[in-house]
Amino acid sequence: MTTLKSYLCGRWQAGGGEPAVLVNPATAQALAEVRSDGLDRAAALAHAREAGGPALRTLGFARRAELLDRMSKVLHERRDELLEIAIQNGGNTRSDAKFDVDGATSTLAAYARLGAALGDGQVLPDGEGTQLGRSPRFFGRHLLAPRHGVAVQINAFNFPAWGFAEKAACALLAGVPLLCKPATSTCLLAVRMFEILVEHGELPEGSIQLLSGAAGDLLDHLGPQDLLAFTGSADTGLELRGRRNLLQHSVRVNIEADSLNAAVLAPSFEEETYDLFLQDVVRELTQKAGQKCTAIRRILVPDDAVERVRADLLERLSQYVVGDPARPDVRVGPLATRRQLEDARAGLRRLSECATIVLGGPDPVEDLPEANRAGYFLRPTLLIAKDSRRADAVHQHEVFGPVATLLPYDGTAAGAGELVSRGHGCLVSSAYGDDRRWMREIVEALLPWNGRIYLGSAQAAGVAPGPGVALPDLVHGGPGRAGGGQELGGLRGLDFYMQRTAVQGFKGLLDRLSS
Ligand code: NAP
C-alpha cells in the first residue's frame, strides 16, 4: 500500500507510529496509509520562518503573483489526474471533483491577477492617510507589511484542493510561508498537489510545507508572528481557539466552521425565480453529497407554498442516482468516511424529533452493486419541520450530508429573518423573490447574521452560480457559529497575513515608504 509522506524542511519524510488508513468511501477499500509520529514540526516551522519567509518577502508582490500563476497552471496541467484522486479518495463525482480542483486553480489565478497590479514593493498602503495637527507636513497613515511568521493552515476533509489553495493564495501573495495540514481522511489529493508544486512550482525553499497526518504538537510551537487558519467543525475550532500558547502569544486565528445556511423563498415570485430556487436547493443538497460548508440546510417557505415546494423538490430529488461516483450516471456519491456516515445518521435521528422525513432517511441505500455495499452512502434526505419556531435541532445541528429541512414561515421578512437568526450565524443565506421592497427588507434582516447574501430573482436566473460558490473577490466566512472568520474578499484576504501599523512623520517621507 502507498505510504504518504510529509514535505517538511525541504524533503519528503514519512513518520512513524500507528498508520491512519485512507479509503475509497464508495467501496471502503484501502488506498494509502499515513504515519506522522516523530516528524519534527518545530523544525518545519523554524524552516519556514528562516528560509521561506525571507525568500518570499524579497520577491515583492508582483513576483509572488507570478508564482501563484505558475502554481495554478502546473496544477491545471494535471487536472485529470487530480480529478481522479478526488473521485477515488473523496467520494466525489467528476462534477464534484471539478468544483474542488477547478475552484483551487481558479482562486490561485484570481489572486495572481490581483497581485500583478500591486507592483514590486514590500508594503501596501492602507487608505490615504491623514494630516495630524496644524501643519500639513506632519502626517499619519497605515501600512501593511507581511508578518515574519508561518501561516499554518488546518483544513477540513471536504475541500482538500480548494481549502489549501484559497488560503495559500492569500498567504503567499502577502509574503508569508505556509504549512498545510490537510484532513487526514482525504489528504491523498493535497499530497499529490504538493508533489506537483514541489517539482514544478518553482517556489522558494521553505515557502510551502505539508504535514500529512495528525497535527501532533504543531500548534504548541506557534509564536507571536505566526497565524493559524483553521477550517473544520465548530468543536475542533473551539478547542484550538482556547489553546494557551495561542492566547499567550496573540497568535492570529481565523476559524471557518459549521453553518446552517438558509434559503428563503419570498411570498411572491416570478416563475423563473421559483425555478432558480428549486435548482439551487437541489444542487446544494446533492453536490459533494451535501458535504459543503455552504450547503443549504434550512429551506424557508411561506406557509401557503409549502405543499408546492415539497412536491417539486421530491420530484426533482428522486431522480438523483446515489452510488459509486466513478459511474457517470451517479449524481450523489458517498460521504467521505464511515465516521461521517455514522454522525449524519445520528444527526438525522436528532432532526427527526422535531421534523418529519419526507424523502430519504438514515436507512442503508438499497440496490447497490456488490462492490459498493460497504460504501458510506446516504440518500438525499428532505425533512419538514413540525413547528419551525420550536425546531431547535434544525436550527442548531449541522448534519453534514445530503440533508435539508423545509421550514414553513409566515411570509414576512421579519419572520424569516428571525428564523434564520436561530442558526446563530451563517456563511451564506439566499433569498428568492422579485418584490424589491420585500427583498430589501429580507436583506436588512439577514445582514447581521451572514457573511454573504445571495439574491435570486428573475433577472439573475441563468447567470447566478448558486449560493454554494465561494468566490475569490467576495469574503468567505460568517459570524457566530460559522466561526467568526473571514477569508478571501479580494485584497481583503491579505489582511490576515499582514501587520497593519500606523506610521507618523513627515509626509514626504511617508509617501516614499509605500511607493
Ligand atoms: P474536523 O474534524 O474539525 O477536522 C478539521 C481539521 O482539524 C482536520 O484537518 C483535522 O485533522 C484537524 N484537527 C482535528 N482535531 C485537531 C486538533 N486537536 N488539533 C489540530 N488539528 C485538529 O472537521 P472535518 O470533519 O474535517 O470537517 C467538517 C466540518 O468542517 C463541517 O462541520 C463543515 O461545516 C466544516 N467546514 C467549514 C468550512 C468553512 O469554510 N466554514 C469549509 C469546509 C468545512 P485530522 O483529519 O487529522 O483529524
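Predicted model only: the values in this text are computed from it and were never measured.

## A short note on the site of the ligand
Stage number 1. Of all residues adjacent to the ligand, which total 28 residues, the nearest are T184, S233, T236, D258 and E398.
Stage number 2. T236 has a polar side-chain atom sitting 2.6 Å from an oxygen atom of the ligand.
Stage number 3. Bound to the protein, the ligand loses 81% of the 910 Å² it would expose on its own.
Stage number 4. Given that more than half its atoms are within 2 Å of the pocket grid, the ligand belongs to the largest pocket.
Stage number 5. The set of elements that each furnish at least two residues to the shell around the ligand consists of strand 11 (227–231) and helix 7 (234–241).
Stage number 6. When residues of the shell around the ligand are assigned to their parent elements, the largest contribution, three residues, is made by helix 7.
Stage number 7. Partitioning the shell around the ligand into residue classes produces 12 nonpolar, 10 polar and six charged.
Stage number 8. Residues from two domains meet in the shell around the ligand; each of domain 1 (41–257 + 486–513) and domain 2 (261–472) gives at least three.

## Focus: helix 9 (residues 271–286)
Stage number 1. In this model, helix 9 (16 residues) spans 23 Å end to end at C-alpha, consistent with the 22 Å of a helix rising 1.5 Å per residue.
Stage number 2. One or two residues past the end of helix 9 sits K288, with phi positive at roughly 50 degrees.

## Quick look at a nonpolar patch on the surface
Stage number 1. On the surface, a nonpolar cluster with roughly 300 Å² of combined accessible area is contributed by F506, L509 and L513.
Stage number 2. Note that L513 resides in helix 15 (residues 507–513).

## Focus: the nonpolar core
Stage number 1. In this structure, F277, I299, L300, V301, V309, L313 and I442 are the most contacted members of the largest nonpolar core, which totals 71 residues.
Stage number 2. With seven residues, the single largest contributor to this core is helix 9.
Stage number 3. Each residue touching I299, except ones within four places of it in the same chain, is listed here: A263, F277, V281, L313, L382, A404, T405, L406 and L407.
Stage number 4. Counting 61 residues, the second largest nonpolar core, distinct from the first, contains A112, L144, A174 and V191.

## Describing the sheet that holds strand 4 (residues 20–24)
Stage number 1. Judged by pairing direction, the sheet is mixed, and its three strands sit side by side in the order 1-5-4 without closing on themselves. Looking at the sheet topology across the chains shown, the edges are occupied by strand 1 (2–4) and strand 4. With strand direction ignored, the average angle separating the axes of adjacent strands in the sheet is 40 degrees.
Stage number 2. Of the strand pairs in this sheet, strand 4 and strand 5 (residues 29–34) are connected by five bridges, and their pairing is antiparallel. Across the sheet, the residue bridging to N24 is Q29, located in strand 5.
Stage number 3. Relative to strand 4, helix 3 (residues 79–90) is tilted by about 105 degrees, and along the sheet it contacts strand 4 and strand 5.

## Describing the pairing of strand 7 (residues 138–146)
Stage number 1. By the bridge criterion, five bridges tie strand 6 (residues 124–131) to strand 7 in an arrangement that is antiparallel. Considered in strand 7, the bridge of L124 is made with L144.
Stage number 2. With antiparallel pairing between neighbouring strands as the criterion, strand 6 and strand 7 make up a hairpin whose turn holds six residues, including G133 at a positive phi of roughly 80 degrees.
Stage number 3. Strand direction decides the pairing type here: strand 7 and strand 22 (residues 498–506), joined by nine bridges, are antiparallel. By the bridge assignment, G140 is partnered in strand 22 with Q504.

## Quick notes on the packing of aromatic side chains
Stage number 1. Throughout the structure, instances matching the rule amount to 10 aromatic pairs.
Stage number 2. Taken together, a centroid distance of 5.0 Å and an interplanar angle of 85 degrees make the contact between F496 and Y497 edge-to-face. The two residues F496 and Y497 agree in class, both being buried.
Stage number 3. Here the basic side chain of R331 rests over the ring of Y320, its NZ or CZ set 4.3 Å away from the ring centre.
Stage number 4. For K507, the ring lying beneath its charged end belongs to F139, and the centroid distance is 4.9 Å.

Quick notes on the rules
- Residues numbered from 1 in each chain as written.
- Predicted model: local features only at pLDDT ≥ 70, side-chain atom pairs only at ≥ 80, totals over all residues.
- Heavy atoms only, no water.
- Near = heavy atom within 4 Å.
- Polar contact = N/O pair within 3.5 Å; in protein donor to acceptor, adjacent residues only side chain to side chain.
- Areas by Shrake-Rupley, 256 points an atom, 1.4 Å probe, with all protein chains shown as cover.
- 1 Å grid on protein atoms, 1.4 Å probe; cavity = no way out; pocket = protein on both sides within 12 Å on 5 of 7 lines; lining within 4 Å.
- Sits in = over half its atoms within 2 Å of the grid points.
- Helix = DSSP H or I, 4+ residues; strand = E, 2+ residues; numbered from the N terminus.
- Nonpolar A, V, L, I, M, F, W, Y, C, P; charged D, E, K, R; others polar.
- Domains from an automatic or database assignment.
- Expected span 1.5 Å × (residues − 1).
- Patch = residues over 30% accessible without salt bridge, like charges linked within 9 Å, V, L, I, M, F, W, Y side chains within 5 Å.
- Salt bridge = Lys/Arg side-chain N within 4 Å of Asp/Glu carboxyl O.
- Core = buried A, V, L, I, M, F, W, Y, C linked by side-chain atoms within 4.5 Å.
- Buried < 20%, exposed > 50% of the residue type's maximum accessible area, 1.4 Å probe, protein only.
- Contact = heavy atoms within 4.5 Å.
- Pairing = 2+ DSSP bridges.
- Axes fitted to C-alpha atoms, helices over the stretch in contact; angles between N-to-C directions.
- Phe/Tyr/Trp six-rings, centres within 6.5 Å; stacked < 30°, edge-to-face > 60°.
- Lys NZ or Arg CZ within 6 Å of the ring centre and 35° of its normal.

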